[in-house]
Amino acid sequence: LAPWPPAPMLEPPARLSRPRDPRVDFFRGLALIFIFVDHIPDNTWAYGTLKNFGFADASEVFVLLSGYSAALAYGLGSDSGALAPSFQRAFKRAGRIYLWHIAILLASAVMLYGAAHVFRDPAYIHNMFLQRLGDEPFGAALGVISLTYQPNQMNILPLYVVLMLWFPVMLLLFRRGVVPTLAVSATIWAVANYFKINLPVNTPGEGWFFNPFAWQLLFTTGAAAAVLARSHELINRSAVLAMALFYVSFSFLYAAPWVPIAWLPDNPLLPPNLIGTVSKPDLSAWRFLHVLALAYVAGSLIPVSAVWLQRPVARAISLCGRHALEIFALGTILSFAGWIVLRQIGTSWALELVVTAAGIAAMAYAARMLAERRSVRDATTAPAG
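In what follows, the accompanying structure is described. Computed from a predicted structure; not experimentally measured.

This part is about the nonpolar core. With 76 residues, the main nonpolar core has Met164, Phe167, Trp215, Leu218, Phe219, Leu283 and Ile327 as its most contacted residues. A per-element tally of this core places helix α7 (residues 156–174) first, with 12 residues. In this structure, Leu105, Leu112, Ala116 and Leu130 belong to the second largest nonpolar core, which totals 18 residues.

Looking now at the pattern of salt bridges. On inspection of all chains with the given rule, the structure shows 10 salt bridges. With a shortest N-O distance of 3.0 Å, aspartate 25 and arginine 322 are connected by a salt bridge. With aspartate 25 in helix α1 (residues 22–39) and arginine 322 in helix α12 (residues 312–322), the pair connects residues that are 297 residues apart, well separated along the chain. For the pair aspartate 25 and arginine 322, one class covers both residues: buried. Across the pair arginine 287 and aspartate 57 runs a salt bridge whose closest N-O atoms are separated by 3.3 Å. Taken together, the residues arginine 287 in helix α11 (residues 285–301) and aspartate 57 in the loop between α1 and α2 (58–73) connect sequence positions 230 residues apart. By relative accessible area, arginine 287 is classed as buried at 7%. For aspartate 57, a relative accessible area of 8% translates into the label buried.

Once that is clear, we can look at α2. For α2, spanning 16 residues, the distance from its first C-alpha to its last is 22 Å, which sits close to the expected 22 Å at 1.5 Å a residue. Most of α2 sits out of view: 16 of its 16 residues are buried. Backbone nitrogen of serine 59 and a side-chain oxygen of the N-cap are separated by 2.9 Å at the start of α2; the cap is aspartate 57.

In this section: unusual backbone geometry. The backbone of arginine 120 shows a phi angle near 50°, a positive value even though the residue is not glycine. Positionally, arginine 120 belongs in the loop between α3 (84–118) and α4 (123–126). Its relative accessible area of 76% is what places arginine 120 among the exposed residues. Positioned with a positive phi, leucine 147 is a non-glycine residue whose angle comes to about 65°. Within the element layout of this structure, leucine 147 appears in the loop between α6 (137–146) and α7.

About the criteria used
Residues numbered from 1 in each chain as written. Predicted model: local features only at pLDDT ≥ 70, side-chain atom pairs only at ≥ 80, totals over all residues. Heavy atoms only, no water. Core = buried A, V, L, I, M, F, W, Y, C linked by side-chain atoms within 4.5 Å. Buried < 20%, exposed > 50% of the residue type's maximum accessible area, 1.4 Å probe, protein only. Helix = DSSP H or I, 4+ residues; strand = E, 2+ residues; numbered from the N terminus. Salt bridge = Lys/Arg side-chain N within 4 Å of Asp/Glu carboxyl O. Expected span 1.5 Å × (residues − 1). Polar contact = N/O pair within 3.5 Å; in protein donor to acceptor, adjacent residues only side chain to side chain.

In short, the description is geometric, and any link to function would need to be established separately.
Spelled out as structure tokens, the structure:
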């Protein structure tokens, strides 16, 4: 195989005012891999992903870094320039994500309904709450189109659609400053949590699994970090780093990842009801602060020029992060395929490792092909010198 393709050329200054941060691509790619591993039901290797080591999981990392990347890609934080082009790009991105979501849902439904029929196992349908597609196809179709019907493991992209529609509002707010923008975002988060405001789903009394009114705070915070980083206002302070490390350690002790391991002590060090509910749908403050602490620690301790970020494995993970939408879609399909394989052949840590590793390899290979195709397209469309 040819070496991993070189890093792509920087985008024009009108859309990007600083070099691409390889750490962002790497950790977004790692989050996508963790999401794939977590989405394979009963996968033993999911014990090694972020969700077992603290309050937050890969979803928070992905949304935070998506806000950071979107800010750089669409020129957020600029005090000059027309707004319309950024609005159009955001709306176009939202539409593209919407279509990908519907395509992934339909492809997954076909795969799982086919597995249920071939193997005479209705669990493939019921465990993912897909039965409505067969019982009430017209109503389910309307629910899919309106995003009010979201089967299991198919609720991240609808959130991302709403976040991209929120982006133009952020663009206007950021022209008044980072602090006012974060204040508005935090107020929306607090009001949504206090009054239990959410977008509706078809099930009465329930809302979206990822409440957009709450999760916009994480997306906005990521964008704010990009705006501050672009103006060189982010400063690593030892006191803040110490607090971040303390919080990460506290979160680790509370999660007690050693408990499920048979040969380790099975008692957590902290009582499980110490801090109350740590809600994922409503983006609990515990989870929000945890992912911010992780980001600060990583940003402080890992330099942009870290040599290991250019090594083959890290480059492969980073390419997944650069093509997040396509790789997320592939990871979703592969997670269902892996579940079918394990459910039919039988589970063991060795087979789970093979299925997990094969899926990750497929994601890395697809990202590489996408990067090469983009390089060829850029080369053919570049003006002659």
